[in-house]
Amino acid sequence: MLTVRDILNTALSLLFETEGTAPDYVSQAPTVLSTMIPELFGINNELRASKGLPPLEEWPLFKNLDDDIVLEPELCRAALPYGLATNLLLGDEEEARALNYNAKYADAVNLCMRLAPEPVIDVYPSAEEGNQA
């Protein structure tokens, strides 16, 4: 299972930073990730349902770098690092760079949404049903 630190280090790599060069980002990561959960919660539960897993009942709250991220791996690997990078850059008032990472975050979230299958309802009558009418 991935931790807040794992997501942070991926985001820092995207920003060409490390825990040692960006102490403010390190201290803010748990809180920032916690604020991202509401917008991903529904998608996460759809991914869980597609795997036959029960939905999460509560939004996880992260307090430490070693807290486990209980979201599905697809969101953790594809979306969370870009979302965290976006929010950290916005906190530093680096809007131009943040826009780039936000676009990548949105693309990753959309990709994860496509991974959750939805049932298809056949609206056309079958040949047998058509003959009965």
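Asks: I would appreciate a short explanation of helix H4 (residues 80-91) in the present structure.
Replies: An α-helix turns once every 3.6 residues. As a result, residues three or four positions apart point the same way. Between the first and last C-alpha of H4 there are 16 Å, a value that for 12 residues agrees with the 16 Å anticipated at 1.5 Å per step. Listed as buried for H4 are Leu80, Pro81, Gly83, Leu84, Ala85, Thr86, Leu88 and Leu89. Looking one or two places after H4, you find Glu93, whose phi comes out positive at around 60 degrees.

Asks: Teacher, can you tell me more about helix H1 (residues 4-14) here?
Replies: Along H1, the residues classified as buried are Val4, Ile7, Leu8, Ala11 and Leu12. Down the axis of H1, the buried side of the element spans an arc of 135 degrees, and every buried residue falls inside it. Close packing links the buried residues of H1 with helix H2 (23-50), helix H3 (73-78) and H4. Positive phi appears at Phe16, one or two residues downstream of H1, with a value of about 60 degrees.

Asks: How should the nonpolar core be read in this particular structure?
Replies: Across soluble globular proteins, nonpolar side chains have a tendency to be buried as a group. In this structure, Leu8, Leu33, Ile69, Leu80 and Leu84 are the most contacted members of the largest nonpolar core, which totals 37 residues. Listed by contribution, the elements that provide at least two residues to this core are H1, H2, H3, H4 and helix H5 (95-115). Per-element accounting of this core gives the leading share, 11 residues, to H2. Non-local contacts of Leu84, meaning those with residues more than four positions away in its chain, are made with Ile7, Leu8, Ala11, Ala29, Val32, Leu33 and Met36.

Asks: What's the story with the pattern of salt bridges in this structure? I'm lost.
Replies: Pairing between side chains of opposite charge can happen when the charged atoms of each approach one another. Applying the stated criterion across every chain yields a total of 6 salt bridges. Here Lys51 makes a salt bridge to Glu74, at a shortest N to O gap of 3.0 Å. With a gap of 23 residues between them, Lys51 in the loop between H2 and H3 and Glu74 in helix H3 connect regions that are remote in the sequence. Overall, the relative accessible area of 37% leaves Lys51 in the partly exposed class. By relative accessible area, which is 24% here, Glu74 ends up partly exposed. Here Arg97 ties to Glu94 by a salt bridge, and the two come within 3.0 Å at their closest N and O atoms.

Asks: Would you explain the state of the cysteines in this entry?
Replies: Put plainly, two cysteines are in a disulfide when a covalent bond ties their sulfur atoms together. Within the structure shown, the criterion is met by 0 disulfides. As a non-bridged cysteine, Cys76 has Cys112 as the owner of its nearest cysteine sulfur, 9.3 Å distant. Residue class for Cys76 comes out buried when judged on its relative accessible area of 2%.

Thresholds, definitions, all that
- Residues numbered from 1 in each chain as written.
- Predicted model: local features only at pLDDT ≥ 70, side-chain atom pairs only at ≥ 80, totals over all residues.
- Heavy atoms only, no water.
- Helix = DSSP H or I, 4+ residues; strand = E, 2+ residues; numbered from the N terminus.
- Expected span 1.5 Å × (residues − 1).
- Buried < 20%, exposed > 50% of the residue type's maximum accessible area, 1.4 Å probe, protein only.
- Arc of directions from axis to C-beta.
- Contact = heavy atoms within 4.5 Å.
- Core = buried A, V, L, I, M, F, W, Y, C linked by side-chain atoms within 4.5 Å.
- Salt bridge = Lys/Arg side-chain N within 4 Å of Asp/Glu carboxyl O.
- Disulfide = S-S within 2.5 Å.

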